[in-house]
Amino acid sequence: MVNSAKYLGLFAFFLFFASILCVGVPAKAAKAAEVSLSYANFPPAKTFPCVQMERWKQEVEKRTGGRVEVQTYPGSTLLGAKNTLRGVMQGQADIGCISLAYHPGVFPLCSVFELPLGFTTSTSASLALWDLYEKYQPKEFKRFKVLTMFTSAPSNLMTKTPIRKLEDLKGLELRASGILSKILESLGATPVSMPMSETPEALQKGVVKGLFSSFDVLKDMNFAEICHYETVTNTAVYPFAVIMNMNTWNALPDDVKKIFNDLGREQAEWTGKYMDQHVKDSIEWSKDKYGIEMIKLSDANMQSVKEKTLPLIKNWKTKADASGIDSAAVLADIKASRLKLEK
Ligand code: DTR
């Protein structure tokens, strides 16, 4: 009995020892985050609004030492393009990325960035947009904490049939949104306004014969497969804002608020630089994979684009002045930023 008891004891000891080895001595539990934030985004994960979201998440979690964790929801998995504004206001998500052009009339000041203001890069336009927001603190955002703002690269035509001269646009149904839809209208096209996330189906079904946006989507949305003709207009950009629920913001520790505030302009610049490089990569990828054709309009046609879209700036000025905005000062500040940032 003694022998068998001894062996039983040894066996039990080894069993316990083996279980520790297999399961591992419970390491010190990873420190739980003090704050957990949900971040909703509408387009697919590989598009630039979501790429910048993941960078922001990484920086926040690194700079807070893990005290703040960010759960990201790309591809409209938490909130879609048209319900992010309300969803963040109601607290369905702590943070949301919105394309201002999807909310006509809601952003009387910052919608100025949907106009053909002459920006040639997303970097300069993104920094100018952020600086404008910081200077004017527009009341259109008073219900939110704005974490950062940025823009797409300048918009161009991506179409199923070639647009070699402005006359080719006549009556052509093209996807855009916000004031950029009005730019298409002024050039003779028939704009069909919808968020980027609805564009693939509209292209597949033939509801639209192309779109008016920046060239990153040739790759990120695979539009190069169906839109083989890219007419360079390099006109208006699409402005975006990353907004936070105000109760969520007010509940954050002061040192975390400082980290978020310090990230504001930095994230605008990072996103702009990412976008400008990604547009170049997207064009090369689309040429290699689908043999797309890049088309330049004549100088006369480019001059005509400028002339036909000028009234849109006047229209914006009239509406802005009517809502108490000093439109002349805003446009002067934007022009000064553009000249300084693009010199
Ligand atoms: N087309 C504009 C802006 C934009 C440019 N690239 C992307 C990628 C994903 C979403 C939007 C955009 C727009 O529809 O907002």
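Residues numbered from 1 in each chain as written. Predicted model: local features only at pLDDT ≥ 70, side-chain atom pairs only at ≥ 80, totals over all residues. Heavy atoms only, no water.

Caption draft 1: Quick look at the nonpolar core. Counting residues in hydrophobic clusters, the biggest one holds 102 residues, and the most contacted among them are Trp56, Val112, Phe141, Met149, Ile243 and Phe260. When residues of this core are assigned to domains, at least three fall in each of domain 1 (35-104 + 121-152 + 238-279) and domain 2 (156-236 + 281-341). For Phe141, the contacting residues outside a window of four places in its chain are Ile98, Leu100, Phe107, Cys110, Tyr133, Val146, Met149, Ala241 and Ile243. (Core = buried A, V, L, I, M, F, W, Y, C linked by side-chain atoms within 4.5 Å. Buried < 20%, exposed > 50% of the residue type's maximum accessible area, 1.4 Å probe, protein only. Domains from an automatic or database assignment. Contact = heavy atoms within 4.5 Å.)

Caption draft 2: Spatial organisation of the packing of aromatic side chains. Counting across every chain of the model gives 14 aromatic pairs. Residues Trp249 and Phe260 carry aromatic rings whose centres are separated by 6.4 Å and whose planes lie at 35° to one another, so their mutual orientation is tilted. Of the two residues, Trp249 is situated in helix α8 (residues 246-250) and Phe260 in helix α9 (residues 254-290); the sequence distance between them amounts to eleven residues. The class of Trp249 is buried, set by a relative accessible area of 9%. Given the relative accessible area of 1%, Phe260 is considered buried. By way of ring pairs, the aromatic residues Phe42, Phe48, Tyr102, Phe150 and Phe240 are connected into one cluster. (Phe/Tyr/Trp six-rings, centres within 6.5 Å; stacked < 30°, edge-to-face > 60°. Helix = DSSP H or I, 4+ residues; strand = E, 2+ residues; numbered from the N terminus.)

Caption draft 3: Highlighting the confidence of the model for the chain. On average, residues of the chain score 93 in pLDDT, and 91% of them reach the 70 mark or higher. Across residues 20-27 the pLDDT falls below 50, and counting only partners more than four positions away or on other chains, this stretch makes two contacts in the model. (pLDDT = per-residue confidence, 0-100.)

Caption draft 4: View of the sheet that holds strand β10 (residues 239-245). The mixed open sheet is built from five strands, whose spatial order is β2-β1-β3-β10-β4. Unpaired on one side and paired on the other, β2 (68-73) and β4 (144-151) mark the two borders of the sheet. Adjacent strand axes in the sheet meet at a mean angle of 20°, parallel and antiparallel pairs treated alike. Contacts from helix α4 (residues 122-136) reach β4 and β10, with the element oriented near 155° to β4. Sitting on the sheet, α9 is in contact with β1 (35-40), β2, β4 and β10, with an inclination near 20° to β4. (Pairing = 2+ DSSP bridges. Axes fitted to C-alpha atoms, helices over the stretch in contact; angles between N-to-C directions.)

Caption draft 5: Structural context of the domain arrangement of the chain. Splitting the chain by domain gives domain 1 (35-104 + 121-152 + 238-279) and domain 2 (156-236 + 281-341). Computed over C-alpha atoms only, the centres of domain 1 and domain 2 are separated by 24 Å. Both sides together, the interface formed by domain 1 and domain 2 hides about 2,100 Å², and carbon and sulfur atoms give 59% of it. The three residues of domain 1 that bury the most area against domain 2 are Tyr238, His278 and Val279, which together make up 32% of that side's buried surface. Where domain 1 touches domain 2, the interface holds 13 residue pairs in polar contact (both at pLDDT 80 or more). Of all the elements in the fold, those that place two or more residues in the side of domain 1 that touches domain 2 are α4 and α9. If one sorts the elements of the side of domain 1 that touches domain 2 by residue count, α4 sits on top with six residues. (Buried area = accessible area lost by both parts, 1.4 Å probe. Polar contact = N/O pair within 3.5 Å; in protein donor to acceptor, adjacent residues only side chain to side chain.)

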